[in-house]
Amino acid sequence: MEMAFPPDESHQDMRITNSLLLLLLPAIALLAITSFSAERTSIGLNANQMSIATGQPSLVMMSSGSTHVPVWSLSGGTVGQSVAGVVTGLPSDCRAVKVEIVVTTTDETTSADFEDVYRVHLSQMVNGEPFTERHYQGSPVRSALPKGPFHSRTILLESYYEAVPHAPLCVRIQREPGDPADTFTRPTGLAMVVVTPVNAPAKAHVVQDVAGYNSWPMLQAIGEKLVCVYSRGSGHTIDEDSRVTYARTSMDRGKTWTAETVVASSPGYGDVPIGKGLDANGAMLLWVRRVGKDWQHDLYRTTDGVTFTLVTTPKLEPVPVQITDVFSVPDVGLMALWFAGNYAEDNNHSWGTLTSRDNGSTWTQTTVESGLSKGQWPTEPSAVHLGDGKILAIARTEQGNSTTERAQFQMLSTDSGATWKRTQTNISDVFLSTPSLILDPQTSLLSNYYYQRGAGGVLRRRVVDPARILDHPREWPASEAVAQGSAASIDAGNVNTTVINGTHYLAFYSGKSPDTAVFVSEVTAPVAK
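**Q** Teacher, can you tell me more about the nonpolar core here?
**A** Side chains of nonpolar character tend, in soluble globular proteins, to be buried together. Grouped together as the largest cluster of nonpolar side chains are 31 residues, with contacts concentrated most on Leu219, Cys228, Trp287 and Ile323. Contributing elements (two or more residues each) for this core: strand S16 (213–222), strand S17 (225–233), strand S18 (244–250), strand S20 (270–278), strand S21 (284–291), strand S26 (333–340), strand S38 (503–512) and strand S39 (515–524). Counting residues in each nonpolar core, the second largest holds 29 residues, with Met50, Val103, Val141 and Leu157 among its members.

**Q** What is the right way to look at the environment of Ser250 in this model?
**A** Locating Ser250 in the fold gives a position in strand S18. Sequence-wise, Ser250 and Glu224 are 26 residues apart; in three dimensions their C-alpha atoms are separated by 8.8 Å. Residues contacting Ser250, with those up to four places away along its chain left out, are Glu224, Lys225, Leu226, Lys255, Thr256 and Trp257. Of note is the side chain of Ser250, whose polar atom sits 2.8 Å from the backbone oxygen of Thr256.

**Q** Looking at this model, I keep getting lost on the pairing of S21. Mind explaining?
**A** Put simply, side chains in a regular strand alternate between the two faces of the sheet. Of all 8 residues that make up S21, 8 are buried, and the element is covered over most of its length. Both faces of S21 are covered, namely the face carrying Met284, Leu286, Val288 and Arg290 and the face carrying Leu285, Trp287, Arg289 and Val291. In this structure, S20 lies alongside S21, joined through 8 bridges in antiparallel fashion. Bridge pairing links Gly275 to Trp287 in S21. Two successive antiparallel strands, S20 and S21, enclose a turn made up of 5 residues, where Gly282 displays a positive phi of approximately 90°. Here S21 folds back onto strand S22 (residues 295–302) in antiparallel fashion, the turn holding 3 residues.

**Q** Looking at this structure, how should I read the sheet that holds strand S31 (residues 409–413)?
**A** Across a sheet, paired strands are connected by hydrogen bonds in the backbone, their directions being either parallel or antiparallel. In space, the 4 strands of this open sheet follow the order S29-S30-S31-S32, with antiparallel pairing throughout. Of all the strands in the sheet, just strand S29 (379–387) and strand S32 (421–424) have a single pairing partner and so form its edges. Across the sheet, the axes of successive neighbouring strands diverge by a mean angle of 20°, strand direction being ignored. Relative to S32, S31 runs antiparallel, the two being bridged by 4 bridges. Its bridge partner being in S32, Phe409 is matched across the sheet by Gln424.

**Q** Quick question: what am I supposed to make of the environment of Gly76 here?
**A** Note on placement: Gly76 falls in the loop between strand S6 (67–74) and strand S7 (82–87). Along the primary structure Gly76 and Thr185 are separated by 109 residues, whereas in three dimensions their C-alpha atoms are 4.2 Å apart. Among residues more than four places away in sequence, those in contact with Gly76 are Arg175, Pro177, Phe184, Thr185, Arg186 and Pro187.

**Q** I tried to follow the pattern of salt bridges on my own but got confused; where do I start?
**A** If charged atoms from side chains of opposite charge come close, those side chains can pair. A full pass over the atoms with the stated rule returns 20 salt bridges. Between Arg134 and Glu129 there is a salt bridge, with the nearest N and O atoms lying 3.1 Å from each other. What makes Arg134 partly exposed here is its relative accessible area of 30%. The residue Asp325 makes a salt bridge to Lys276 at a minimum N-O spacing of 3.6 Å. Taken together, the residues span a long stretch of sequence, with Asp325 in the loop between strand S24 (322–323) and strand S25 (327–329) and Lys276 in strand S20 at a distance of 49 residues. Note on accessibility: Asp325 and Lys276 belong to one class, buried.

**Q** When you look at the packing of aromatic side chains in this model, what are you seeing that I'm missing?
**A** Given two aromatic rings, their pairing is described by the distance between the two centres and the angle made by the two planes. All told, the structure shown has 12 aromatic pairs when counted by the stated rule. Over the ring of Tyr246 we find Arg232, and its NZ or CZ is 4.3 Å from the ring centre. One residue, Arg290, lies across the ring of Tyr269, its end atom 4.9 Å from the ring centre.

**Q** Quick question: what am I supposed to make of the pairing of S16 here?
**A** Among the 10 residues that make up S16, 10 are buried, leaving the element largely enclosed by the rest of the structure. Bridge count for S16 against S17 is 8 bridges, and the pairing is antiparallel. Bridge pairing links Met218 to Val229 in S17. What sits between the antiparallel neighbours S16 and S17 is a turn of 2 residues, in which Gly223 has the positive phi angle 65°.

**Q** How do you make sense of the side chain of Arg248 when you look at a structure like this?
**A** You can see Arg248 is positioned in strand S18. Of the side chains with opposite charge, Glu260 lies nearest to the buried Arg248, which makes no salt bridge, at 5.6 Å. Here the side chain of Arg248 touches Thr258 through a polar contact of 2.7 Å, landing on its backbone oxygen. When neighbours within four sequence positions are excluded, Arg248 is seen to be in contact with Val207, Gln208, Leu226, Val227, Cys228, Tyr230, Trp257, Thr258, Ala259 and Glu260.

**Q** Honestly, the side chain of Arg142 in this entry has me stumped. Any pointers?
**A** Mapped onto the elements of the fold, Arg142 is located in strand S11 (residues 141–144). Separated by 2.7 Å, the side chains of Arg142 and Glu115 make a polar contact.

**Q** How should I be thinking about the environment of Phe184 in this particular structure?
**A** Mapped onto the fold, Phe184 is located in the loop between strand S13 (169–175) and strand S14 (188–198). Setting aside chain neighbours within four positions, we find Phe184 in contact with Gly76, Thr105, Asp107, Thr109, Thr110, Phe114, Glu115, Leu145 and Arg175.

**Q** Help me out: how do you make sense of the sheet that holds strand S23 (residues 309–312) in this one?
**A** Strand order in this open sheet of 4 strands is S20-S21-S22-S23, and the pairing throughout is antiparallel. The open sheet has two edge strands, S20 and S23, and neither has a second partner. Going across the sheet, the axis of each strand differs from the next one's by a mean of 35°, ignoring polarity. Here S22 pairs with S23 via 3 bridges, running antiparallel. From the neighbouring strand, Arg301 faces S23, where its bridge partner is Thr309.

What counts and how
- Residues numbered from 1 in each chain as written.
- Predicted model: local features only at pLDDT ≥ 70, side-chain atom pairs only at ≥ 80, totals over all residues.
- Heavy atoms only, no water.
- Core = buried A, V, L, I, M, F, W, Y, C linked by side-chain atoms within 4.5 Å.
- Buried < 20%, exposed > 50% of the residue type's maximum accessible area, 1.4 Å probe, protein only.
- Helix = DSSP H or I, 4+ residues; strand = E, 2+ residues; numbered from the N terminus.
- Contact = heavy atoms within 4.5 Å.
- Polar contact = N/O pair within 3.5 Å; in protein donor to acceptor, adjacent residues only side chain to side chain.
- Pairing = 2+ DSSP bridges.
- Axes fitted to C-alpha atoms, helices over the stretch in contact; angles between N-to-C directions.
- Salt bridge = Lys/Arg side-chain N within 4 Å of Asp/Glu carboxyl O.
- Phe/Tyr/Trp six-rings, centres within 6.5 Å; stacked < 30°, edge-to-face > 60°.
- Lys NZ or Arg CZ within 6 Å of the ring centre and 35° of its normal.
- Lys, Arg positive; Asp, Glu negative; His and termini not counted.

See the structure below:
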């Protein structure tokens, strides 16, 4: 009886024990050719409904008695193997789809110590358009193997791909053995692909859409009032004299906004809001970066979101690129994170903390890491205090390569910010994606919001019990789409969040240079399952 994929991955029967079928068939039954759920009908492709797309993968048969399960054998050593199929029958109300796969292996060396990596390519055949027009290359998804052979896994490869109803959907699945995270050198078997229509996110509220590059919003709740601060210039620039920081407020959860007021307009400088939070008295604090002949960081305070008073302009070294959101840490005071560097391919990058024990009047700068390469540099971090001295931060990556190395960083302190441990997460559906965290005290659930630039322009959320990922940063659950904007790369993104009475509010900007707009979306806080 053969219990492993053939080394040369040639087409041949594979005889396995009944235990494999007992484990594999429930997953296949769940992802049957057409299955039904309370929300949407899923459309599946089994191995016989797919064909070789690239390389030389093998269609092999797992058999036991009179039961036979076909799978595509995808190499753990040969790069460029993929299979493809066409899904038809997307319903008339379909606005987007998610894509999952079922994989297994019979290799005796299978264990959770190994990972493999997969990627989906999607496109649609829309009448009158080239079928390459809607091509989307998904981000690589890493997954730990099961504890032993004969187990199947369902892996979500894409949670939101904007789709056209009725148009055939081309799905290509590729294993990525050349990715640094794919450490399992043996073949794996692709048994099934499942495509499920998903609802489009609710439409966002417009904060400001006058002509110009309205961008980089900061959003803070003061009681029941939303305060949105943003800047406007002529393009994706931070140092032009015409770039001014403005504010608007809303008392109806973002549906309507007061007239625009000026927060900062410094002669010879461009003013950009970069961080916000609350002080010990519940007033809003706002960091504004001022860039011209030099770089300065001004801290403002407001109690109404209309009148902003300058508190301090601390002298910092190294001079940060940005200071991010302010949060409170017991026995420490106010804290914010900063990062500094030049975005070059050198080792001149750093990050650290700013702390204030006098409610924001003065700040102490501490460097946590320095001498970092751009690839190991955590930028634009968002942090929350979890209690018991634990602070969790998630940071953007500046990695450009489309591998699992392009993933957000997780930084953890267990001593109120005195020391930190930085690791890489499995959050790889990102591209210059600034995170924004909300910890809900009622459920203790942590929401990580981030905007995946390009690739459809999707604002995503991952929800987790922090206890699950503190020591396991590569076990973040899959993402869901909560808002959508422009796919024009850097002309959209930079989510910043706040919360009022169990509703999360997400500010972001979207458009295409030279004109972009600021939006706010409402999302219900997650509930424990």
